[in-house]
Amino acid sequence: AAGANSAATSAMLKAGASAGATGENAVVYNCGRADVITGPAGILLANAMFGEISPAMARAVSESACPKVLIPVQKCHLQMAGVAELPLARYLEDAVARISAICPPGESAE
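Because the structure is predicted, anything quoted here is derived from the model rather than measured. (Residues numbered from 1 in each chain as written. Predicted model: local features only at pLDDT ≥ 70, side-chain atom pairs only at ≥ 80, totals over all residues. Heavy atoms only, no water.)

Side note on the pairing of strand E3 (residues 37–40)
We count it as follows: The criterion for strand pairing is that DSSP finds at least two bridges linking the strands in question. By the criteria applied, helices consist of DSSP H or I runs no shorter than four residues and strands consist of E runs no shorter than two, each listed in order from the N terminus. Here, the term right-handed applies to a crossover whose path from the first strand over the helix to the second runs clockwise when the strands point away from the viewer.
Here four bridges tie E3 to strand E4 (residues 68–71), and the two strands are oriented parallel to one another. Bridging across to E4, Gly 39 finds its partner in Leu 70. With helix H3 (residues 55–63) bridging E3 and its parallel neighbour E4, the resulting β-α-β unit is right-handed.

Details of the pattern of salt bridges
A side chain with one charge may pair with a side chain of the opposite charge, provided their charged atoms come close. In plain terms, the rule: Whenever Lys or Arg places a side-chain nitrogen within 4 Å of a carboxyl oxygen from Asp or Glu, that contact is recorded as a salt bridge. Only protein chains enter the accessibility calculation, which uses a 1.4 Å probe; a residue is then buried when its area is under 20% of its type maximum, exposed when over 50%, and partly exposed in between.
Per the stated rule, a full pass over the model turns up two salt bridges. With a shortest N-O distance of 2.7 Å, Asp 94 and Arg 98 are connected by a salt bridge. Taken together, the positions of Asp 94 and Arg 98, both in helix H4 (residues 88–102) and four residues apart, correspond to about one turn of that helix. You can call Asp 94 partly exposed: its relative accessible area is 37%.

Quick look at the packing of helix H2 (residues 24–31) against H3
Note the threshold: In this analysis an axis means a line fitted to C-alpha atoms, helices contributing only their contacting stretch, and an angle means the value between N-to-C directions, from 0 to 180 degrees. Here the word oblique covers every angle except those under 35 degrees (roughly parallel), over 145 (roughly antiparallel) and from 65 to 115 (roughly perpendicular). Put simply, a crossing is left-handed when the front helix is turned counterclockwise from the back one by less than a right angle, and right-handed when it is turned clockwise. We call two residues in contact when some of their heavy atoms are within 4.5 Å. Polar here means any residue other than Ala, Val, Leu, Ile, Met, Phe, Trp, Tyr, Cys and Pro, which are nonpolar, and Asp, Glu, Lys and Arg, which are charged; Gly is therefore polar.
Orientation of H2 relative to H3, taken along the N-to-C sense of each, is 15 degrees, at an axis distance of 8 Å. One element, H2, and the other, H3, form an angle in the roughly parallel class. Classified by chirality, the crossing of H3 by H2 is left-handed. Counting all contacts with H2, which are made through Glu 24, Val 27, Val 28 and Cys 31, the residues of H3 involved are Ala 56, Met 57, Ala 60 and Val 61. Among the residues forming the contact of H2 with H3, the class breakdown is seven nonpolar, no polar and one charged.

Some details on H2
Stated formally: By construction, the arc corresponds to the directions joining the helix axis to the C-beta atoms.
Turning to H2, its buried residues number three or more, namely Ala 26, Val 27 and Cys 31. Looking straight down H2, one finds its buried side chains confined to an arc of 120 degrees; they lie on one side. For H2, the exposed residues set more than 90 degrees away from the buried face come down to Asn 25 and Tyr 29. Here the buried face of H2 lies against strand E1 (2–3), strand E2 (21–22), E3 and H3.

Focus on the side chain of Ser 54
Among the structural elements, Ser 54 can be located in the loop between E3 and H3. Relative accessible area serves as the criterion here: at 13%, Ser 54 is assigned to the buried category.

Some remarks on the nonpolar core
This is how it is decided: To define a nonpolar core, start from buried Ala, Val, Leu, Ile, Met, Phe, Trp, Tyr and Cys residues and group those joined through side-chain atoms within 4.5 Å.
Core analysis: the biggest nonpolar cluster contains eleven residues, these being Val 27, Cys 31, Ile 37, Ile 43, Ala 48, Ile 53, Met 57, Ala 58, Ala 60, Val 61 and Cys 66. Among the secondary structure elements, those contributing two or more residues to this core are H2 and H3. No other element matches the four residues that H3 contributes to this core. Once residues within four sequence positions are removed from consideration, Cys 66 is found in contact with Ala 34, Asp 35, Val 36 and Ile 37.

Okay, here's the thing in C-alpha cells:
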C-alpha cells in the first residue's frame, strides 16, 4: 500500500495491506508495480486534495498500466457528471467489489 500521507497508509495497513509506504516517491515508484490502484478520483489530478497530490504522483497514477478503481469524492473543486450522489459507504462497497473481481481474495502478485 502506498499512500499520499501517513493517514492513508495507516488506513490501508489496518484494512489488511501487508506493507506500506508513504509519500511522493513511494507512490511514484509503486504505481508501476501495482496490481490495482484505488482512491479518490482526485489522485489523477495534479495538486488535488489540497496540494497533497503532486504532479509526479498524478502522472504516475495516470500512466500506470494497471486497472484503476476510483471513488467519486466530489471535493476540492472536482465535480463528476453522470455519477449519482451516494453515501461514501456505498462507493466503498462498490470499489471493494470491483477490486475483488480484479484481484480475487487469496491471490497475490508477489
